[in-house]
Amino acid sequence: MKSFLLEEAPANYVAGLGRGATGFTTRSDIGPAREGPSEEAIKAALTRRAELLGQAPPTAYGAKEKKDDEEDDDRYQDPENEVGLFATGAYDEDDDEADRIYQSVDERMEKRRKARREAREKAEREEYERKNPKIQQQFADLKRALSTVTDDEWANLPEVGDLTGRNRRARQALHQKFYAVPDSVIAAARDSTQFGTTVEDGAASSDAADGTMTNFADIGAAKNKVLQVRLDQASAGTDSVHGGATNIDPKGYLTSLNKSIVGQTEAQVGDIKRARMLLESVIKTNPSHAPGWIAAARLEELAGKMVQARSVIARGCEHCPKNEDVWLESIRLNDSHNAKITVAQAVKENPKSVNLWKEAMKLETETRAKKRVVRKALDVIPQSVVLWKEAVKLEDDPKDARILLARAVELVPLSVDLWLALARLETFENAQAVLNKARKAIPTSHEIWLAAARLQEQQGNNKINVMKRAVQALAREQAMPKREEWIAEAEKCEEEGAILTCQNIIRETLGWGLDEDDDRKKTWMDDAEASISRGRYETARAIYAYALRVFYTKKSIWRAAADLEKNHGTKEALVALLEKAVEACPHSEILWMMLAKEKWQTGEIDGARVVLGRAFKQNPNNEDIWLAAVKLEAENNQHEAARELLGTARREAGTERVWIKSVAFERQLGNTEAALSLVNEGLQLYSKADKLWMMKGQIYETDSKLPQAREAYMTGTKACPHSVPLWLLASRLEEKAGVIVKARSVLDRARLAIPKNPVLWCESVRVERRANNMNQAKSLMAKALQECPNSGLLWSESIWHLEARTQRKPRMVEAMRKVDNDPVLFVTVARNFWYERKLDKALSWFEKAILADSDLGDTWAWYYKFLLQHGTEEKRQDAISKCVSVEPRHGEVWQAIAKAPQYAGKPTEEILMLVVAQLE
């Protein structure tokens, strides 16, 4: 037996492969190790080894190969792969199972990644195709639409002409070539009709002959002569446009010249010749196509060729005798005589055409002839409502019209208009019978029911409620109109004077289609406001009445109804409504005070006292009612009674407002000591009442006690640090005393306590401006606009006092972009237009300011001051009446005057005049 070491090595033997000792370098052999076996060699060795051992070949790396359709992914080429490390070891079933599991996991992960990758690539491709569509995709919808084209439309397509860019440009260049007419031609035209009777100088004639001199005066005279010749020819009737008329109207001649010029221009733009060729192709390929004949005739009319137009439309009538549009076009193009002949032929071909019969009637000049035509038409078309209406219009005698309408409703029983027209011509009893027949013939018509209701109203039968029966009948027939349509019908009845019918419509139909779950109150309030905006006050009044029957105790509806009566009703109706309102809402002090005020304004002082007494019983210790009673007594010079009421109110109600009114009342009467005593008592109870602190300081200031006033203001600012008027009074006191530094310090502390307040910033700017520190004022204004960029007050101060006149307009534009709907800024813009003498714009901006905020008294004052200079007396009186009705309460100058003790109790009109005099 040979030694093992002497035996020949097996085929494909690799030394050290079993223990993984390949491809390395030892310490004694420094250098690159030899390369290990390849993957194919390892697979072959593993397969052969499995065969020798009698085992199944490995399925993970042996016989089974990857499918051709599966892609090799580089992500699975791990640099730390240890394949072949245990190639010589035992490869059992567990190893094979593990390899299969790992391989299945790898394949599944690859499929999952492949699906995500394909979805991502598909989304990217679709996004790219959406942003960059192909030409065929852009016209895909048009291609699909070609399937709807009929064979006749394909056959009627015109021939394709030469539309290449080169030829089109050549044609345009040909049309645009212009040549100047030499002066010699114009001079020759001038001299062609002249005879010379003098001999010219030789030098002059030689100059004119050789052309070295040009006489522009002669050329101008020649042009004038040519124009005169043309006008003479036109006056002689040689103009082809007028068909050889012997005389023309100069105005008409100029109009015809204008038409001819326009026609030539349109011919150049629209290419009439090409359009004519296209339309000829249309009518030749499809001679029964009526629109083609009409278009061809109108093209000739546009080109000014009326004879050709009539000829074309006549051929169209021959080819399309059953088309009424062609006949109507022919009637329009012909004169009266030929049109009558044409319409006679038309009605023979189309005896059922209502439009042709109407045209035939219009062509007649005498009423008898028109009647004859209409009656012939009715013999042919007895069911035409239009023809029956035309026949009735032609009748002057109501009896004849009644006979015609009676026959009409027999033949056309479903026409509501004919039934209503017949009912209007009948007496009351006959009209009732007619409407009953109409209702049976057309049970779904609500117009007939409305006519019946109005008929009963005209006869004074107010007890018969026709609309209730109408709603029931229409509901049975399922023909009930919508609620909005009924409101529209009610407004129409109001417009025509049928007030009772309007009210009945609202009462019976306003709640139709609304459930209790719906917001009925808001819906009805919106309906009433919409009717008021359209000027239909009776409809709105009926809506409020219906809403109050459903929501009897809702104060908002009572107030809205009262506002309607106040603005658009009578005093008696308003008082009656308020009496019902206080009965329904006895705890609403606003309604009580409105009733008392109306009584007082109508001169019923005792009645107002009675109303306030009833209000006291229903609302004990209510400060609004107490103060209303005090105002009533004070306005009527019952000072002692007012003082007693205030004392009782302080003891029983004792609110902050009652104390303020008590102090104000004593100040108005000039009782300074009593007012000071009351204000001190009030401050002990209400130390946070800023108005009491302001009154205390103003009392001391009136008595020239500046230190006490300063102390009151300073103490008040500590107790009420967020009261802007209190800080302003403290600052103005220091400025009045001449201590500008202190005034500036007070405003600085105020801005720290109340940041971003435009009123405080504006006062700081005004302090510097009044002290002639314009640079400091501009610096403060810049900071103010940074903190309050949306303040119209600051922008107005900056525009009017800190900007040059030339810079006001751009600053106003900038302010309008940043400020939205501010009345103060609107007044500033109006004043600027007033200054520039643009009075219409100024008036418009004043009105915009009033609409933006009608409670701002300064706006009304500026508006009235403008009207004093540039308005009419009617405008001024209208402005005063509107201001009195609005009763504005705010405004910088308005409040300063209205709340001054010496002007207490002044009416709104006098306050307006005082503010106007105060404005600068």
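Thresholds applied
Residues numbered from 1 in each chain as written. Predicted model: local features only at pLDDT ≥ 70, side-chain atom pairs only at ≥ 80, totals over all residues. Heavy atoms only, no water. Helix = DSSP H or I, 4+ residues; strand = E, 2+ residues; numbered from the N terminus. Contact = heavy atoms within 4.5 Å. Areas by Shrake-Rupley, 256 points an atom, 1.4 Å probe, with all protein chains shown as cover. Core = buried A, V, L, I, M, F, W, Y, C linked by side-chain atoms within 4.5 Å. Buried < 20%, exposed > 50% of the residue type's maximum accessible area, 1.4 Å probe, protein only. Polar contact = N/O pair within 3.5 Å; in protein donor to acceptor, adjacent residues only side chain to side chain. Patch = residues over 30% accessible without salt bridge, like charges linked within 9 Å, V, L, I, M, F, W, Y side chains within 5 Å. Salt bridge = Lys/Arg side-chain N within 4 Å of Asp/Glu carboxyl O. Lys, Arg positive; Asp, Glu negative; His and termini not counted. Charge placed at Lys NZ, Arg CZ, Asp CG, Glu CD. Axes fitted to C-alpha atoms, helices over the stretch in contact; angles between N-to-C directions. Parallel < 35°, antiparallel > 145°, perpendicular 65-115°, else oblique. Left-handed = near helix turned anticlockwise from the far one by under 90°. Nonpolar A, V, L, I, M, F, W, Y, C, P; charged D, E, K, R; others polar. Phe/Tyr/Trp six-rings, centres within 6.5 Å; stacked < 30°, edge-to-face > 60°. Lys NZ or Arg CZ within 6 Å of the ring centre and 35° of its normal. pLDDT = per-residue confidence, 0-100.

Peer 1: What should I look at first to understand the overall build of the chain in this one?
Peer 2: Along its length, the chain carries 49 helices and zero strands. A fraction of 52% describes how many contacts in the chain between residues 6 or more apart in sequence connect residues 24 or more apart. Of the roughly 57,400 Å² that the chain leaves accessible, carbon and sulfur atoms contribute 51%.

Peer 1: Looking at this structure, I do not really get the nonpolar core. What am I missing?
Peer 2: Grouped together as the largest cluster of nonpolar side chains are 118 residues, with contacts concentrated most on Trp-524, Tyr-544 and Trp-558. With near-sequence residues (within four places) excluded, Tyr-544 lies in contact with Met-525, Ala-528, Glu-529, Ile-532, Ile-557, Ala-560, Ala-561 and Leu-564. Counting residues in hydrophobic clusters, the runner-up holds 45 residues, among them Ala-815, Val-829, Trp-834 and Trp-862.

Peer 1: What am I meant to see in the environment of His-870 here?
Peer 2: Structurally, His-870 can be placed in helix 46 (residues 857-870). For His-870, a relative accessible area of 26% puts it in the partly exposed group. Dropping the residues within four chain positions of it, His-870 is found in contact with Trp-834, Arg-837 and Leu-839. A polar side-chain atom of His-870 sits 3.1 Å from a polar atom in the side chain of Trp-834.

Peer 1: For this particular structure, what's the right way to read a positive patch on the surface?
Peer 2: Residues Arg-108, Lys-111, Arg-112, Arg-113, Lys-114 and Arg-116 make up a contiguous surface patch of positive charge. Its place among the elements puts Lys-111 in helix 2 (residues 93-131).

Peer 1: It is not clear to me how the side chain of Arg-483 should be interpreted in this structure. Could you clarify?
Peer 2: If you trace the backbone, Arg-483 turns up in helix 24 (residues 483-495). Reaching out from Arg-483, the side chain makes a polar contact with the side chain of Asp-527 at a distance of 2.3 Å. Excluding its chain neighbours within four sequence positions, the residues that come into contact with Arg-483 are Thr-509, Leu-510, Trp-512, Leu-514, Thr-523, Trp-524 and Asp-527.

Peer 1: So what exactly am I meant to see when it comes to the packing of helix 29 (residues 571-584) against helix 30 (residues 589-601) here?
Peer 2: Each pair of packed helices gets described by two things: the angle between the helix axes and the distance between those axes. Remark: helix 29 packs on helix 30, axes separated minimally by 9 Å, with the N-to-C direction vectors making an angle of 150 degrees. As judged from the angle between their axes, helix 29 and helix 30 are roughly antiparallel. Of the two elements, helix 29 crosses helix 30, and the hand of that crossing is left-handed. For the pair helix 29 and helix 30, the contacting residues are Lys-571, Leu-574, Val-575, Leu-578, Glu-579, Ala-581 and Val-582 in the first and Leu-591, Trp-592, Met-594, Leu-595, Glu-598, Lys-599 and Gln-601 in the second. The class makeup of the residues in the contact of helix 29 with helix 30 is nine nonpolar, one polar and four charged.

Peer 1: What is the right way to read the pattern of salt bridges from this model?
Peer 2: Opposite charge on two side chains makes pairing possible when the charged atoms of those side chains draw close. What the rule picks out here adds up to 50 salt bridges. When the shortest N-O distance is used, the salt bridge between Glu-579 and Arg-614 registers 3.6 Å. Here Glu-579, found in helix 29, pairs with Arg-614, found in helix 31 (residues 605-618); they are 35 residues apart in sequence, far enough to count as distant. Arg-876 is paired through a salt bridge with Glu-873; the nearest N and O atoms lie 3.1 Å apart. Within this pair, Arg-876 and its partner Glu-873 are both found in helix 47 (residues 873-886), separated by three residues, close to a single helical turn.

Peer 1: Whenever I open this one, helix 18 (residues 385-393) confuses me. Can you help?
Peer 2: For an α-helix the count is 3.6 residues per turn, leaving residues at separations of three or four pointing the same way. Along helix 18, the residues classified as buried are Leu-387, Trp-388, Glu-390, Ala-391 and Val-392. Where helix 18 is buried, its residues contact helix 16 (354-363), helix 17 (367-380), helix 19 (398-411) and helix 20 (416-425).

Peer 1: How do you make sense of the environment of Arg-770 when you look at a structure like this?
Peer 2: Note on placement: Arg-770 falls in helix 40 (residues 758-770). Looking at Arg-770, the relative accessible area reads 42%, which means it is partly exposed. C-alpha of Arg-770 to C-alpha of Glu-735: the two residues are 35 residues apart in sequence and 9.6 Å apart in space. Not counting the four nearest positions on each side in its chain, Arg-770 is found in contact with Glu-735 and Glu-763.

Peer 1: Hey, could you run me through helix 25 (residues 499-509) in this one?
Peer 2: Within the sequence span of helix 25, burial applies to Thr-501, Cys-502, Asn-504, Ile-505, Ile-506 and Thr-509. Packed against the buried residues of helix 25 are helix 22 (446-458), helix 23 (466-476), helix 24 and helix 27 (537-550).

Peer 1: Hey, could you run me through unusual backbone geometry in this one?
Peer 2: Glycine aside, negative phi is the norm for most residues, and most peptide bonds take the trans geometry. In this model, Lys-756 sits at a positive phi of 55 degrees, which is unusual for a non-glycine residue. By the element assignment, Lys-756 lies in the loop between helix 39 (740-753) and helix 40. Accessibility expressed as a relative area gives 59% for Lys-756, which makes it exposed. Even without being glycine, Asn-772 reaches a positive phi, approximately 65 degrees. Checked against the element boundaries, Asn-772 lands in the loop between helix 40 and helix 41 (774-787).

Peer 1: For this particular structure, what's the right way to read the packing of aromatic side chains?
Peer 2: How two aromatic rings sit relative to each other is given by the distance of their centres and the angle of their planes. Per the stated rule, a full pass over the model turns up eight aromatic pairs. Judged by centre distance (6.3 Å) and plane angle (75 degrees), the ring pair of Trp-834 and Phe-846 falls under edge-to-face. Taken together, the residues Trp-834 in helix 44 (residues 823-835) and Phe-846 in helix 45 (residues 839-852) connect sequence positions twelve residues apart. Each member of the pair, Trp-834 as well as Phe-846, carries the same accessibility label: buried. Where Phe-846 meets Tyr-863, the ring centres are 6.3 Å apart and the plane angle is 50 degrees; that geometry is what we call tilted. Placement of Phe-846 in helix 45 and of Tyr-863 in helix 46 is noted, with a sequence separation of 17 residues between them. Note on accessibility: Phe-846 and Tyr-863 belong to one class, buried. Among the aromatic residues, ring-to-ring pairing joins Trp-834, Phe-846, Tyr-863 and Phe-866 into one connected group. When the ring centre of Trp-761 is taken as origin, the NZ or CZ atom of Arg-751, which lies over that ring, is 4.3 Å away. A cation sits over an aromatic face here: Arg-808 above Tyr-835, 5.7 Å from the ring centre.

Peer 1: Where do I start with a nonpolar patch on the surface in this structure?
Peer 2: On the surface, Ile-135, Phe-139 and Leu-142 cluster together into a nonpolar patch covering about 310 Å² of accessible area. Tracing the sequence through the fold places Phe-139 in the loop between helix 3 (135-138) and helix 4 (140-145).

Peer 1: I tried to follow a negative patch on the surface on my own but got confused; where do I start?
Peer 2: A grouping of Asp-92, Glu-93, Asp-94, Asp-95 and Glu-97 is seen on the molecular surface, where their side chains present a negatively charged patch. Position of Asp-92 relative to the elements: it lies in the loop between helix 1 (39-52) and helix 2. On the basis of relative accessibility, which here comes to 39%, the residue Asp-92 falls in the partly exposed class.

Peer 1: How do you make sense of the packing of helix 14 (residues 324-333) against helix 16 when you look at a structure like this?
Peer 2: Direction vectors running N to C along helix 14 and helix 16 enclose 15 degrees, while the axes themselves pass 10 Å from each other. Compared by their axis directions, helix 14 and helix 16 come out roughly parallel. In this structure, the crossing between helix 14 and helix 16 has a hand that is left-handed. Across the interface between the two elements, Glu-324, Trp-327, Leu-328 and Ile-331 from helix 14 touch Asn-355, Leu-356, Glu-359 and Leu-363 from helix 16. For the contact of helix 14 with helix 16, a count of residues per class yields five nonpolar, one polar and two charged.

Peer 1: How should the confidence of the model for the chain be read in this particular structure?
Peer 2: A low pLDDT means the predicted coordinates there should not be read in detail. The pLDDT averaged across the chain works out to 80; a share of 81% of its residues lies at or above 70. A low-confidence stretch, residues 61-73 stays under pLDDT 50, and its non-local contacts, those more than four residues away or across chains, total eight contacts. Contacts from residues 196-212, a stretch scored under 50 in pLDDT, to residues over four places away or in other chains number three contacts.

Peer 1: What exactly am I supposed to notice about the side chain of Arg-276 here?
Peer 2: Mapped onto the elements, Arg-276 comes out in helix 11 (residues 272-285). Engagement of the side chain of Arg-276 in a polar contact is seen with the side chain of Glu-300, the distance being 2.7 Å. When residues no more than four places from it in sequence are discounted, the contact partners of Arg-276 are Leu-299, Glu-300, Ala-303 and Lys-305.

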